Amino acid sequence: MRRKATMQFVTLCCSMFVAGWNDGTLGPLLPRIQEVYHVGYAVVSLIFVVSCTGAVLGSCTFLYMFDRLGYGLRLPLASCLMIIAYALEAAAVPFPVFVVVYFFIGYGGSFLNSGSNVFLANVSVGKASRRFGMLHGVYGLGAMASPLVSTQFALLPHWSFVYLIHLGLLIITAIMQVITFKFQNQEQCAKEIGQPPPDNGSDSLLLRYKRVFRLRVVHLMALFAFIYVGIEVSIGSWIVTYVIKLRNGGPDSGYIPSGLFGGLMIGRVALLPFSKLVGERRVIFLYILLVMALEFVVWFVHSQVGDALAVAFIGFFLGPLFPIMTNHAGGILPPDLISGGVGWIASWGAAGAAVWPFVVGAIASRTGIGSLTPFVVSLTGVLFVTWACVPRSRQQIQG
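The rules we used
- Residues numbered from 1 in each chain as written.
- Predicted model: local features only at pLDDT ≥ 70, side-chain atom pairs only at ≥ 80, totals over all residues.
- Heavy atoms only, no water.
- Helix = DSSP H or I, 4+ residues; strand = E, 2+ residues; numbered from the N terminus.
- Rg over C-alpha atoms; globule rule 2.2 N^0.38 Å.
- Buried < 20%, exposed > 50% of the residue type's maximum accessible area, 1.4 Å probe, protein only.
- Areas by Shrake-Rupley, 256 points an atom, 1.4 Å probe, with all protein chains shown as cover.
- Lys, Arg positive; Asp, Glu negative; His and termini not counted.
- Charge placed at Lys NZ, Arg CZ, Asp CG, Glu CD.
- Salt bridge = Lys/Arg side-chain N within 4 Å of Asp/Glu carboxyl O.
- Core = buried A, V, L, I, M, F, W, Y, C linked by side-chain atoms within 4.5 Å.
- pLDDT = per-residue confidence, 0-100.

## Quick word on the overall build of the protein
Looking only at helices and strands, the protein features 17 helices and zero strands. In summary, the protein has a C-alpha radius of gyration of 20 Å against a globular reference of 21 Å for 399 residues, a match within 12%. Overall, the protein is about 60 × 45 × 35 Å in size when its C-alpha atoms are taken along their principal axes. Taken over 399 residues, the protein has a buried fraction of 61%. By element, 69% of the accessible surface of the protein is carried by carbon and sulfur atoms, the whole surface being about 15,000 Å². Placing the 25 positive and 14 negative side-chain charges of the protein at their respective mean positions leaves the two points 7 Å apart.

Shown next as structure tokens:
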């Protein structure tokens, strides 16, 4: 059973690695995409809009698909959908098709992200802090590694071949999902590792939908995830353009997102003991304030090296926020609503990864890329207020 549990966790980590790889790739490629397709900030940001549409649809259908198809079937289907999408992207299709394909990437990615979080929250209720830190640390590893690769491909004539690497990673992940979960539902997967099946109650799917959506805490945490991931991916997607335009950076600027996501990965593991010591709810306020201070450094310190270091430390302190929030959700939501609640929260995180980078691009098309820093500072302030509104315990939840 222990070996099977390890295999399941490794497979979840592979899914999150792919999600991170996807989120970290686009930043270094954006200047090249603009050059190849002759488009500006606003038009290239349509990639984020279409991806967001897919992610939002994934958010709205996750609980239904999870209930109808089961965990072990839905996850490989999401991977296969993304495999087809990346095969098209690798062919450097015309820009309208290139953009539309991101709908399927957003849709499939929301299921990979949500599915991994839901599974771990269900089998480790209240005891998953360390494992969530590791799971999301692997996301950071994927997001750190991908800019190192995409920066090199951005300089090559066949720049779109970077998506062949996505293709290979997804094929490996899909095979592992099939071998590990064997198209079974989550109850059967939990039994295989000696865990009691998740309590889904006797309510109908429609009634569970209603109960999830009546919980204010679910929407507060979904908003937190929506803003948090938006800050992370907005910086990762646009910092290269920001440094090139405003700090006279060269092609090596493409490596800066690796610093952001490398910090994210390290912070999610290294700060676990400190977070436990201070208290996971309280420490989030401290991390958000440190992130905001570092964003001001990027805004006002006109140094490429200084900005790169500040961005890396932004990632370091941003890192623990999402796993702490997800673990908190698993601890305070009613047991029979964990699947739907955590799935909804994580899916809106995927939506935030698309919405806010688009907003940054749309604003930059009118005011210049310098708007990136005041925008993310404002979002970080809203993140602080949102967390202050999240209940501390299950007893405080009012449906």
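There's more to say after this.
## Side note on the pattern of salt bridges
Two side chains of opposite charge can pair, provided their charged atoms sit close to one another. A full pass over the atoms with the stated rule returns two salt bridges. In this structure, the salt-bridge partner of R268 is E232, at a minimum N-O distance of 3.9 Å. Linking R268 in helix α11 (residues 256-270) with E232 in helix α10 (residues 216-246), this pair joins segments that are 36 residues apart in sequence. As far as burial versus exposure is concerned, R268 and E232 are alike and both buried. R247 is the partner of D307 in a salt bridge, and the nearest nitrogen-oxygen pair spans 2.7 Å. Highlighted residues: D307 in helix α14 (residues 304-318) and R247 in the loop between α10 and α11, separated in sequence by 60 residues. Judged on exposure class, the residue D307 and its partner R247 are both buried.

## Concerning the nonpolar core
Ranked by size, the top nonpolar core spans 125 residues in total, and within it I33, Y163 and I239 carry the most contacts. Broken down by element, this core gets its largest block of residues, 19 residues, from α10.

## Here we look at the confidence of the model for the protein
Residues with a pLDDT of 70 or more make up 93% of the protein, whose mean pLDDT is 85. Ranking the helices and strands of the protein by mean pLDDT puts helix α17 (residues 372-389) first, with 95, and helix α8 (residues 186-192) last, with 74.

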